[in-house]
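Each chain is listed here by its residues.
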Amino acid sequence: EAGVAQSPRYKIIEKRQSVAFWCNPISGHATLYWYQQILGQGPKLLIQFQNNGVVDDSQLPKDRFSAERLKGVDSTLKIQPAKLEDSAVYLCASSLGLGGAYEQYFGPGTRLTVT
Amino acid sequence: AQKITQTQPGMFVQEKEAVTLDCTYDTSDPSYGLFWYKQPSSGEMIFLIYQGSYDQQNATEGRYSLNFQKARKSANLVISASQLGDSAMYFCAIRLRGGSEKLVFGKGMKLTVNP
């Protein structure tokens, strides 16, 4: 079974530029998550989709971050314009369902450096 | 708000020995789930073990077991017979039932297994 795919793996941009990350979840997984992991910290949930609807985006900085999940499958996360503090690893995860004991399967992440 | 505390910044263990990684949590909700994830240097988060708040027995998954002490609000991970490949960051996380059921992660701790 293929895992969660993410691209690109690494990205370096200058502040005020825009960037987009792509995620392809495990086939059949209804729930998709985007996390931000700053160096030395645990992942922090940015946004959570159930199929193509948003379940939780309470920690998404909506003035600069946006995300969509097309047709309930792939998802893109965009930052525009980027700030220095956005330097982090952006992790995508998926799960069969919402909550309970459903484990989340994570992708390899995209390491973003903003200079 | 729920909170996860991992106070050990780093631990060292000899190969083949057992090691306990500490995790305490703070929630007033009676229903919740606790997760442990491993993050090797490659960056991908790997699910290890799950414990539900109403589970009567401590969870076990191969060499991993969870020492769940509900009254103390602790969920320590025990790794038996450590292997060199166990060297990684380890994260404890809590999920509350209801709402978005998002995971909230601790800051993690680094385990190094010495030969």
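Figured I'd write up the structure that's included with this text.

Calculation notes
Residues numbered from 1 in each chain as written. Chains lettered and ligands numbered in written order. Predicted model: local features only at pLDDT ≥ 70, side-chain atom pairs only at ≥ 80, totals over all residues. Heavy atoms only, no water. Helix = DSSP H or I, 4+ residues; strand = E, 2+ residues; numbered from the N terminus. Rg over C-alpha atoms; globule rule 2.2 N^0.38 Å. Buried < 20%, exposed > 50% of the residue type's maximum accessible area, 1.4 Å probe, protein only. Contact = heavy atoms within 4.5 Å. Areas by Shrake-Rupley, 256 points an atom, 1.4 Å probe, with all protein chains shown as cover. Disulfide = S-S within 2.5 Å.

1. Section: the overall build of chain A
Right, so step 1: Per the secondary structure count, chain A includes zero helices and 11 strands.
Right, so step 2: Listed by position from the N terminus, the elements making up chain A come as β-β-β-β-β-β-β-β-β-β-β.
Right, so step 3: Computed over its C-alpha atoms, the radius of gyration of chain A comes to 13 Å, within 12% of the 13 Å expected for a compact globule of 115 residues.
Right, so step 4: Seen through its principal axes, chain A has C-alpha atoms that stretch 40 × 25 × 25 Å.
Right, so step 5: By residue count, 47% of the 115 residues in chain A fall in the buried class.
Right, so step 6: For chain A, long-range pairs separated by at least 24 residues make up 54% of all intrachain contacts whose partners lie at least 6 apart in sequence.
Right, so step 7: For chain A, the computed accessible surface area is about 5500 Å², with 50% contributed by carbon and sulfur atoms.

2. Quick notes on the state of the cysteines
Right, so step 1: Under the definition given, this model contains two disulfides over all chains.
Right, so step 2: One disulfide bridge connects Cys23 of chain A with Cys92 of chain A, the sulfur atoms lying 1.9 Å from each other. For the disulfide bridge between Cys23 of chain A and Cys92 of chain A, the dihedral angle about the S-S bond is near -70°, and by the sign convention the bridge is left-handed. One end of the pair, Cys23 of chain A, is in strand E3 (residues 19-24); the other, Cys92 of chain A, is in strand E9 (residues 88-95), and 69 residues separate them in sequence.
Right, so step 3: On the accessibility criterion, Cys23 of chain A (0% relative accessible area) is buried.
Right, so step 4: Two residues share a disulfide in this structure: Cys23 of chain B and Cys92 of chain B, whose sulfurs sit 2.0 Å from each other. Disulfide Cys23 of chain B-Cys92 of chain B: the torsion about the S-S bond is -65°, which places it as left-handed. Residue Cys23 of chain B is located in the loop between strand E3 (19-21) and strand E4 (24-26), and its partner Cys92 of chain B is located in strand E10 (residues 88-96); the two are separated by 69 residues in the primary sequence.

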